[in-house]
Amino acid sequence: MRLRNVKGSRETIAASEFTINEPNQFKGNWKKEVFGNENPIHIEIGMGKGKFIMELAAMNPDINYIGIEKYSSVLVRAIEKRKEQELSNVIFIRMDAENIEEVFEEQEVDQIYLNFSDPWPKDRHAKRRLTSKEFFSRYHHILKQDGLVMFKTDNKDLFDFSLEQIPLAGWKLEYHTYDLHHSEYVEGNVMTEYETKFVGEGKPICKLVAYR
Ligand code: SAM
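Residues numbered from 1 in each chain as written. Predicted model: local features only at pLDDT ≥ 70, side-chain atom pairs only at ≥ 80, totals over all residues. Heavy atoms only, no water.

*Asks:* In this structure, what is going on with the site of the ligand? I would like to understand it.
*Replies:* Gly46, Glu69, Ala97, Thr192 and Tyr194 are the nearest of the 19 residues found near the ligand. Between the ligand and the protein, one listed contact pairs a nitrogen atom with a backbone N or O atom of Lys70 at 3.2 Å. Within the side chain of Asp96, one N or O atom sits 3.0 Å away from a nitrogen atom of the ligand. Compared with its free state, where it exposes 600 Å², the ligand has 96% of that area covered by protein. Taken domain by domain, the makeup of the shell around the ligand includes at least three residues from each of domain 1 (1-102) and domain 2 (106-212). (Near = heavy atom within 4 Å. Polar contact = N/O pair within 3.5 Å; in protein donor to acceptor, adjacent residues only side chain to side chain. Areas by Shrake-Rupley, 256 points an atom, 1.4 Å probe, with all protein chains shown as cover. Domains from an automatic or database assignment.)

Structure follows, in structure tokens:
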């Protein structure tokens, strides 16, 4: 979802009260210094325009949500939407999740959502996939011991790859489905932007939940 050259997007992000511009400085202190409470922290990596994370934030005021997005041109769309909402428990960071261990302390995060992550189809780019064993190793450090990684995608190849990576990374599968919307796990499901589009086209959605 790369929207190229949205004029002034970096400046908009820098000036926005809804983004954290130097996230490294809050490492270890997100709850107290950013949210002013001791509530759990849930993050979405690659949040796109933020529909999913803002809906969750509205439903769960006792959870702190942090949306992470690599591209300014996409994040500005989330900021626009955020301005229309009365929420005090969601903020955004523009960063590449490769550096996530610089931003969160060991076990600082309670849950990680990955939704419709970029597939990086070439083998030589496998390490860039957000469900590669390299990324699971990063999640291992920042996620508290009983924390979960929840992943949804329409891409079966990426999903099969992710299922293989989980044991290689030393993680376990709590459950998985190749057709979320016709499974028992659909209850309480919050749709993302991409999911809404794919479901509308009749595509099945895969979901897995991983733990250690
Ligand atoms: N999660 C949203 C949804 O389901 O509607 C957006 C899905 S979109 C296909 C994937 C998003 O992940 C893009 O906005 C992309 O810029 C972002 N992304 C990809 N790799 C990333 C990374 N390493 N760190 C942060 N964001 C990333």
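*Asks:* Please clarify how the pairing of strand β3 (residues 90-94) should be interpreted in this entry.
*Replies:* The two faces of a sheet get side chains in turn, since along a regular strand they alternate between them. Counting buried positions along β3 yields 4 of 5 residues, so the element is predominantly enclosed. Two strands pair when backbone bridges link them, and strand β2 (residues 64-69) and β3 are joined in this way by 5 bridges, in the parallel orientation. Residue pairing in the sheet places Glu69 in a bridge with Arg94 of β3. (Buried < 20%, exposed > 50% of the residue type's maximum accessible area, 1.4 Å probe, protein only. Helix = DSSP H or I, 4+ residues; strand = E, 2+ residues; numbered from the N terminus. Pairing = 2+ DSSP bridges.)

*Asks:* Sorry if this is basic, but what is going on with the domain arrangement of the protein chain here?
*Replies:* Interface size is often expressed as the accessible area that is lost when the parts come together. Entries for the protein chain in the domain assignment read domain 1 (1-102) and domain 2 (106-212). Distance from the C-alpha centre of domain 1 to the C-alpha centre of domain 2: 20 Å. The partner domain 2 presents 22 residues to the 27 residues of domain 1 that form the contact. Remark: the boundary between domain 1 and domain 2 carries 1 salt bridge. When the shortest N-O distance is used, the salt bridge between Lys81 and Glu193 registers 2.7 Å. Our enumeration of links across domain 1 and domain 2 arrives at 13 residue pairs in polar contact (both at pLDDT 80 or more). Secondary structure elements with two or more residues in the side of domain 1 that touches domain 2: α2 (30-35), β1 (41-45) and α3 (51-59). (Contact = heavy atoms within 4.5 Å. Salt bridge = Lys/Arg side-chain N within 4 Å of Asp/Glu carboxyl O.)

*Asks:* Which parts of the structure should I look at to understand unusual backbone geometry?
*Replies:* Most of the time, phi is negative for any residue but glycine, and the peptide bond is trans. Phi at Phe116 is positive, roughly 55°, even though this residue is not glycine. Residue Phe116 is classed as buried on the basis of its relative accessible area, which comes to 8%. Phi is positive for Trp120, close to 40°, though the residue is something other than glycine.

*Asks:* Please explain helix α7 (residues 193-200) as it appears in this structure.
*Replies:* Owing to its 3.6 residues per turn, the α-helix aligns residues three or four sequence positions apart on the same side. Between the side-chain oxygen at the start of α7 and the backbone nitrogen of Tyr194 there is a gap of 3.3 Å, and the oxygen is on Thr192. The positive-phi residue at the C-terminal boundary of α7 is Gly202, with phi of around 80°.

*Asks:* Any chance you could explain the environment of Ile68 here in plain terms?
*Replies:* Structurally, Ile68 can be placed in strand β2. Linking Ile68 and Glu44, residues 24 residues apart in sequence, is a C-alpha distance of 6.0 Å. If we ignore the near neighbours within four places in the chain, the residues touching Ile68 are Ile43, Glu44, Ile45, Gly46, Met47, Ile93, Met95, Ile100 and Phe104.

*Asks:* Can you help me understand the packing of aromatic side chains in this one?
*Replies:* Describing an aromatic ring pair means giving the distance of the ring centres and the angle of the ring planes. In total, this model carries 11 aromatic pairs according to the counting rule given. With centroids separated by 6.0 Å and ring planes inclined at 40°, the aromatic side chains of Phe135 and Tyr139 adopt a geometry described as tilted. One end of the pair, Phe135, and the other, Tyr139, are both in helix α5 (residues 133-142), 4 residues apart, so they sit about a helical turn from each other. Its relative accessible area of 0% is what places Tyr139 among the buried residues. Put simply, the rings of Phe135, Phe136, Tyr139 and Trp171 touch in pairs and so form one group of aromatic residues. (Phe/Tyr/Trp six-rings, centres within 6.5 Å; stacked < 30°, edge-to-face > 60°.)

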